[in-house]
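Understanding the architecture of this molecule
Residues per chain are reported as follows:
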Amino acid sequence: MEVIVRKTYEDISREGAKIIRKKMAKKPDLILGLATGSTPLGLYKELVRMHKEEELDFSQVKSFNLDEYVGLVPDHPQSYRYFMNENLFDHINIKKENTRVPDGMANDLEAECLQYEEEIRKAGGIDIQVLGIGSDGHIAFNEPGSSLGSRTRIKTLTKQTIEDNSRFFEKEKDVPRFALTMGIGSIMDSRSIFLFADGERKGDVIAVAIEGPITADITASILQMHPRVTYLLDEAAASKLKRRDYYRWVDENKAKVKGATT
Ligand code: GLP
């Protein structure tokens, strides 16, 4: 595991984009796992800038999004498909047919979940999974209590998540109660995982997710079991970590021993 702490949100967004650019140079047909929420917006902005100013080429890249609300049409401004088009896909040269977001309008939602897993498998699995973290420690929409082995499925959102996400909707009652989400097991299959978090409001949950016990109460804590996970945190989000100094020391010295991690 690697914990990279940078001063600001912009710094972690830039750092994340550089890592993706480096991987794309080695593997132009990279399979990206993408997230929504406010956290990855800076990363997407930087990837768009790299595409426009540095000709970063997404023509062979494929993407799979983590989740989607049930019952929102793709052009609903709060649907995750709309979010991805607006904030990333419409501004880079990725082929739209190579971008996949679970279909929350599918007639048979369970079949859609199975199909989603199958498509990821057929594509060869996810190379880089981008994650944010919910205030209750969830990743994607894997709410507290989710099975740590879960696969893509229909999930009922918690009151906390509905409340958190209501800031994007006119009224709290407009927030969908259900979502399709990749499971914890599906996320853990990714070859590498990058979790981004910024701001003081994520400080406590980041500390328990990274340094607390592995528990379904904080689904992000399972990432401690992943062999290639990197946390990209700004100083506020990292402020409650016990081993903050150690992570910094590793980060500063890692160039000396290739492959050194925490
Ligand atoms: C939603 C998404 C998650 C995201 C979380 C945090 O619940 N399903 O993927 O990580 O919100 O959002 P934010 O980045 O806005 O704090």
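Parameters at a glance
- Residues numbered from 1 in each chain as written.
- Predicted model: local features only at pLDDT ≥ 70, side-chain atom pairs only at ≥ 80, totals over all residues.
- Heavy atoms only, no water.
- Core = buried A, V, L, I, M, F, W, Y, C linked by side-chain atoms within 4.5 Å.
- Buried < 20%, exposed > 50% of the residue type's maximum accessible area, 1.4 Å probe, protein only.
- Helix = DSSP H or I, 4+ residues; strand = E, 2+ residues; numbered from the N terminus.
- Contact = heavy atoms within 4.5 Å.
- Axes fitted to C-alpha atoms, helices over the stretch in contact; angles between N-to-C directions.
- Parallel < 35°, antiparallel > 145°, perpendicular 65-115°, else oblique.
- Left-handed = near helix turned anticlockwise from the far one by under 90°.
- Nonpolar A, V, L, I, M, F, W, Y, C, P; charged D, E, K, R; others polar.
- Near = heavy atom within 4 Å.
- Polar contact = N/O pair within 3.5 Å; in protein donor to acceptor, adjacent residues only side chain to side chain.

1. Description of the nonpolar core
Among the nonpolar cores identified, the biggest contains 65 residues, and L47, L195 and L233 are the most heavily contacted of them. A total of 6 residues in this core trace back to one element, the largest contributor, which is helix α1 (residues 9-26). Residue contacts for L47: discarding those within four places in its chain leaves A17, I20, L56, F58, L88 and I92. Y69, L72, Y80 and V175 belong to the second-largest nonpolar core, a separate cluster that totals 9 residues.

2. Thoughts on the packing of α1 against helix α2 (residues 41-54)
α2 packs onto α1 with a crossing angle of 55° between their chain directions and a minimal axis gap of 8 Å. Looking at the two axes, α1 sits oblique to α2. With respect to the hand of their crossing, α1 and α2 are arranged in right-handed fashion. For the pair formed by α1 and α2, the contact residues are Y9, S13, R14, G16, A17, K18, I20 and R21 on the first element and L41, G42, L43, E46, L47, M50 and E54 on the second. Considered class by class, the residues forming the contact of α1 with α2 number 7 nonpolar, 3 polar and 5 charged.

3. A word on the site of the ligand
Lining the immediate surroundings of the ligand are 14 residues, of which S38, T39, D67, H138 and K202 lie closest. In the environment of the ligand, an oxygen atom lies 2.7 Å from a nitrogen or oxygen atom belonging to the side chain of S38. Of the residues belonging to the shell around the ligand, the class tally is 4 nonpolar, 6 polar and 4 charged.

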